[in-house]
Amino acid sequence: MTYYSDFLQHWQNWLIAAATVIGAIIVGRIVHFIIFFVLRRIARNPKRVVEASLVQHGKRPAKWILPFLAVLVVLPTLPIPYEIKRSAEHVVGLALIASVAWVFILLTEVLGDIIASRYRMDVSDNLEARRIRTQTLVLRRIAEMVIIVLTIGIMLLTIPSVRAIGTSVLASAGVVGIVIGMAMKPTLSNLIA
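Residues numbered from 1 in each chain as written. Predicted model: local features only at pLDDT ≥ 70, side-chain atom pairs only at ≥ 80, totals over all residues. Heavy atoms only, no water.

Novice: Please explain the overall build of the protein as it appears in this structure.
Specialist: Regarding its fold elements, the protein presents seven helices and zero strands. Listed by position from the N terminus, the elements making up the protein come as α-α-α-α-α-α-α. A total of 193 residues make up the protein; the buried ones form 27% of that total. At a minimum sequence separation of 6, the contacts of the protein that also span at least 24 residues come to 64%. Surface exposure of the protein reaches about 12,700 Å², of which carbon and sulfur atoms provide 70%. (Helix = DSSP H or I, 4+ residues; strand = E, 2+ residues; numbered from the N terminus. Buried < 20%, exposed > 50% of the residue type's maximum accessible area, 1.4 Å probe, protein only. Contact = heavy atoms within 4.5 Å. Areas by Shrake-Rupley, 256 points an atom, 1.4 Å probe, with all protein chains shown as cover.)

Okay, here's the thing in structure tokens:
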């Protein structure tokens, strides 16, 4: 009942806060459109592998990340009660952590595309190219799983009531990472060579 009466007394502040958040989201979407419009123009050149890969893999994550960043920037300025502002900042912060993880997954995909572009599949003897692409795909999937586990652990660390679970997830991810690294050592050395 307190929040309802508080809302009725300060409805103009809530209206300003809502308009500010909506404006931040719109600005984030406009920035997204401009960035990817420019990237698409650059990626028309067949030699621009990185830009083409960014357009292919990065358009969806950036559609979320840029508005989240814009909202996170304007949240401290909103004329709303501190408890609600703090809760909103935490939720947006969690979404931003997930978005950053998505960016790291995007980077593994772009790196995979860069490696794959160096080996031609349209030649008759493409055994080496297929082997490298398979190894790259396996490494990319492992990296994506590690990123997801680390992200979940970091997100859990931000919630006080489940911080111990987050610590356990991060510790187990470290052990699993070491085991996978040891098992994949020959593949990694071949790929780097």
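Novice: Sorry, what's going on with the packing of aromatic side chains here?
Specialist: The geometry of an aromatic ring pair is captured by two quantities: the separation of the ring centres and the angle between the planes. Applying the stated rule across the entire model yields two aromatic pairs. Geometrically, the ring pair formed by Phe33 and Phe37 is stacked, given 6.0 Å between the ring centres and 25° between the ring planes. Note that Phe33 and Phe37 are positioned in helix H2 (residues 11–43) at a spacing of four residues, about one turn of the helix. (Phe/Tyr/Trp six-rings, centres within 6.5 Å; stacked < 30°, edge-to-face > 60°.)

Novice: I tried to follow the confidence of the model for the protein on my own but got confused; where do I start?
Specialist: Regions with low pLDDT carry predicted coordinates that are not meant to be interpreted in detail. Here the protein shows a mean pLDDT of 78. Residues at 70 or above account for 80%. Element-level mean pLDDT values for the protein span from 56 in helix H1 (residues 2–9) up to 86 in H2. (pLDDT = per-residue confidence, 0-100.)

Novice: Got a minute to help me understand the packing of helix H3 (residues 49–74) against helix H4 (residues 82–117) in this structure?
Specialist: Geometrically, a packed helix pair is captured by the angle between its two axes and the distance between the axes. Look at H3 against H4: their axes get within 9 Å of each other, and the N-to-C directions meet at 175°. With respect to each other, H3 and H4 are oriented roughly antiparallel. (Axes fitted to C-alpha atoms, helices over the stretch in contact; angles between N-to-C directions. Parallel < 35°, antiparallel > 145°, perpendicular 65-115°, else oblique.)

Novice: Can you help me understand the environment of Gly58 in this one?
Specialist: With respect to the element layout, Gly58 can be found in helix H3. In this structure Gly58 comes out as buried when scored by relative accessible area, which is 4%. With 52 residues separating them along the chain, Gly58 and Val110 place their C-alpha atoms 8.9 Å apart.

Novice: Looking at this structure, I do not really get H3. What am I missing?
Specialist: Residues that lie three or four places apart on an α-helix share one face, since the helix turns once every 3.6 residues. Helix length check: H3 (26 residues) gives 35 Å between terminal C-alpha atoms against 38 Å at 1.5 Å per residue, within 8%. Approximately 60° is the largest bend angle found in H3, and it occurs at Gly58, with the proline Pro61 only one to four residues beyond. Of the residues making up H3, those classed as buried are Glu51, Ser53, Val55, His57, Gly58, Pro61, Ala62, Ile65, Pro67, Ala70, Val71 and Val74. Among the structural elements, H2 and H4 are those in contact with the buried residues of H3. (Expected span 1.5 Å × (residues − 1). Bend = angle between axes of the 7 residues up to and from the residue.)

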